[in-house]
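Fold and contact review
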Amino acid sequence: MADLLQLILSGTATGAIYALCALGFTLLWQASGTINFAQGEFVMIPAFVMLFFINTAGLPLWVAFLLTCLVAMLLIATLGLSIGVKQLVKAGVTAQAMPFESPFPDGLLALGAMKVSYADVGTLLLAGLIVVGLQLFLNRTVTGRAMQAVAQNTDAAKVLGINVQRMVLYTFLINAVLAVVAALLVTPTYLAKFDMGESIGLKAFYAAIIGGFNQTRGALLGGVLVGVLENLMGAYVSPAYKEGVALMLFLIVIIFRPEGLLGKTEERKV
Amino acid sequence: MTPFLEVKEMKKAYGAIKAVDGVTLSVGPGEIVGVIGPNGSGKTTLFNSILGQIKPTSGAVEFCGEDITGMSPLELSRRGVGRTFQTLQVFVKLSVRDNLIAAAQEFKGTMPGRLFAKPDAGLGHHADEMIELFRLKHVSHLPAGSLSYGQQKLIDIAMAFMPTPRLVLLDEPCAGVNPSLVDQLRELLVELNKTQGGSFVVIEHNMDFIMKLCPHVICMVEGKVLAEGPPAQVQSNRQVLEAYLGN
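Structural notes, computed from the coordinates. (Residues numbered from 1 in each chain as written. Chains lettered and ligands numbered in written order. Predicted model: local features only at pLDDT ≥ 70, side-chain atom pairs only at ≥ 80, totals over all residues.)

Some thoughts on the overall build of chain A
- Check the secondary structure of chain A and you find 12 helices and two strands.
- Overall, chain A shows an N-to-C arrangement of helices and strands of α-α-α-α-β-β-α-α-α-α-α-α-α-α.
- Computed over its C-alpha atoms, the radius of gyration of chain A comes to 19 Å, within 12% of the 18 Å expected for a compact globule of 270 residues.
- Summarising its shape, the C-alpha atoms of chain A cover approximately 55 × 45 × 35 Å along the three principal directions.
- Within chain A, the fraction of its 270 residues that count as buried is 50%. (Helix = DSSP H or I, 4+ residues; strand = E, 2+ residues; numbered from the N terminus. Rg over C-alpha atoms; globule rule 2.2 N^0.38 Å. Buried ≥ 20, exposed ≤ 12 C-beta atoms within 10 Å, placed from the backbone.)

Spelled out as structure tokens, the structure:
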């Protein structure tokens with residue numbers, strides 16, 4: 001039983017990282033009707049930018065993180081980066097996997113019979129903090145409400161004088177920060193590599209669809225579900241099938257509930 | 001009276017089809033002008049051309065002496081021009097109160113200030129006044145999408161008036177509204193005209209509504225202005241009757 005709980009907790013931590021990425025997918029979709037297939041690369045770039053600040057500039061991790069947020073906001077708010085960026089990093093930086101310092105201490109935390117790593121606990125806490133902060137911003141500030149208004153009815157928002165382009169820009173900037181946090185959390189495990197974005201981007205995309213592309217809470221559920229089931233599949237069936245979990249869930253959802261687990265069917269006028 | 005809104009020789013063609021064909025009209029400060037005409041007569045296309053939502057083929061629009069032809073809805077909104085649509089344009093997941101606040105937030109404070117401002121942006125009191133006026137208090141906390149069509153229509157109209165616009169173009173405000181609400185709606189518009197002092201241009205098929213609300217009525221047929229004047233005069237115009245009833 002303790003093993004099962006341990007696997008679920010650890011899977012939830014991995015899932016939280018997918019969820020952060022998936023949240024970026026759903027936010028962008030809702031605000032601009034855009035599916036950002038460069039989302040994985042959005043995670044890969046900050047990993048290398050942070051490495052630069054840590055290894056070359058000799059800055060501590062938290063300073064590197066903050067600077068990377070700024071750089072990501074400037075660099076990432078552009079679509080269509082996927083292939084170009086990947087090849088640029090491969091040719092111009094390195095094709096090798098680079099080690100990355102974890103923001104959390106090594107070691108295990110005993111929770112009753114369970115033993116969980118500080119990294120998993122820290123990942124869950126940080127991801128939770130980001131999600132709660134984002135929800136507070138969207139629901140408790142006038143700009144957050146305006147972003148929701150744009151997502152719900154762009155035409156009405158335009159006529160009412162809401163600056164739609166600015167709201168979409170804010171969404172991209174938020175997405176950039178989500179990507180940097182995801183990079184910070186995932187890179188110590190996956191290592192910084194030019195193609196690290198492929199797997200994360202694809203899983204986050206599946207997670208967003210599994211949870212419901214038009215619901216931010218759907219992205220969270222999808223991410224956690226993928227993370228937990230991957231862990232259980234790896235432990236109880238075979239690690240070889242682990243990578244196929246997201247795809248399998250995605251197919252099941254597309255066939256039986258195409259709007260996603262928490263998604264809502266939307267009518268579109270033509 | 002100096003014209004507030006002036007539309008000069010407005011034309012909009014889709015290939016060989018002339019949706020709007022040389023319409024000229026003027027609206028004075030505080031004036032309520034009705035636009036009637038059979039379906040397909042170009043009324044909504046005229047609205048869309050005035051408001052920069054489609055590019056007119058030719059013609060010009062002046063608002064308070066400024067050429068606003070082709071300006072974006074955002075630029076027009078900043079100049080105090082608002083509109084409603086035939087179809088509902090509310091933010092379905094936001095509450096009624098938040099819909100009203102969202103409708104005016106762009107006009108409150110500075111951009112950095114708004115970024116982390118409280119959700120009501122200092123507009124809560126004004127929103128509550130509008131909620132009271134539109135008799136939506138009992139549903140003000142509910143998501144707009146959960147309300148009846150008529151209630152959503154009222155929210156839609158209240159949103160257009162939240163920024164206290166100088167000119168509002170209302171496209172079929174009575175469409176789909178329960179007959180018992182139509183009189184209420186007319187009274188509301190009269191009240192808003194008195195209190196806010198803005199000018200309204202109203203497209204409507206409900207003749208009783210338009211005749212009681214608008215001191216000046218324009219009838220459009222096949223993209224052209226067929227008749228204009230006081231409602232009784234337009235209503236009794238033989239060509240107008242033929243356009244509606246056929247020869």
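A few points about the interface of chain B and chain A
- The interface is formed by 27 residues belonging to chain B together with 18 residues belonging to chain A.
- Where the side of chain B that touches chain A is concerned, the elements lending two or more residues are helix H2 (73–78), strand E6 (81–84), helix H3 (96–104) and helix H4 (111–115) of chain B.
- Per-class residue counts for the side of chain B that touches chain A are 16 nonpolar, four polar and seven charged. (Contact = placed C-beta atoms within 7 Å. Nonpolar A, V, L, I, M, F, W, Y, C, P; charged D, E, K, R; others polar.)

What to know about the sheet that holds strand E1 (residues 5–14) of chain B
Residue and element names in this part refer to chain B.
- Strand order in the open sheet made by the four strands is E2-E1-E4-E5, with antiparallel pairing throughout. Strands at the two margins of the open sheet, each flanked by one partner only, are strand E2 (17–27) and strand E5 (66–67).
- Note: E1 against E2, eight bridges, orientation antiparallel. Each residue of the ladder has a partner; that of Glu6, found in E2, is Ser26. (Pairing = 2+ DSSP bridges.)

Some words on the sheet that holds strand E10 (residues 224–229) of chain B
All names here are of chain B.
- If you walk across this open sheet you meet the six strands as E6-E7-E8-E3-E9-E10, and the pairing is mixed. This sheet does not close on itself; its edge strands, each paired only once, are E6 and E10. Within this sheet the neighbouring strands show an average axis-to-axis angle of 15 degrees, counted without direction. (Axes fitted to C-alpha atoms, helices over the stretch in contact; angles between N-to-C directions.)

Focus: the environment of Val121 of chain A
Residue and element names in this part refer to chain A.
- In this structure, Val121 sits in helix H5 (residues 118–140).
- A residue is classified by how many C-beta atoms lie within 10 Å of it, and Val121, with 17 of them, is partly exposed.
- Distance from Val121 to Leu109, taken between C-alpha atoms, is 8.5 Å for residues 12 residues apart in sequence.
- Contacts of Val121, omitting those with residues within four sequence positions, involve Leu109 and Val116.

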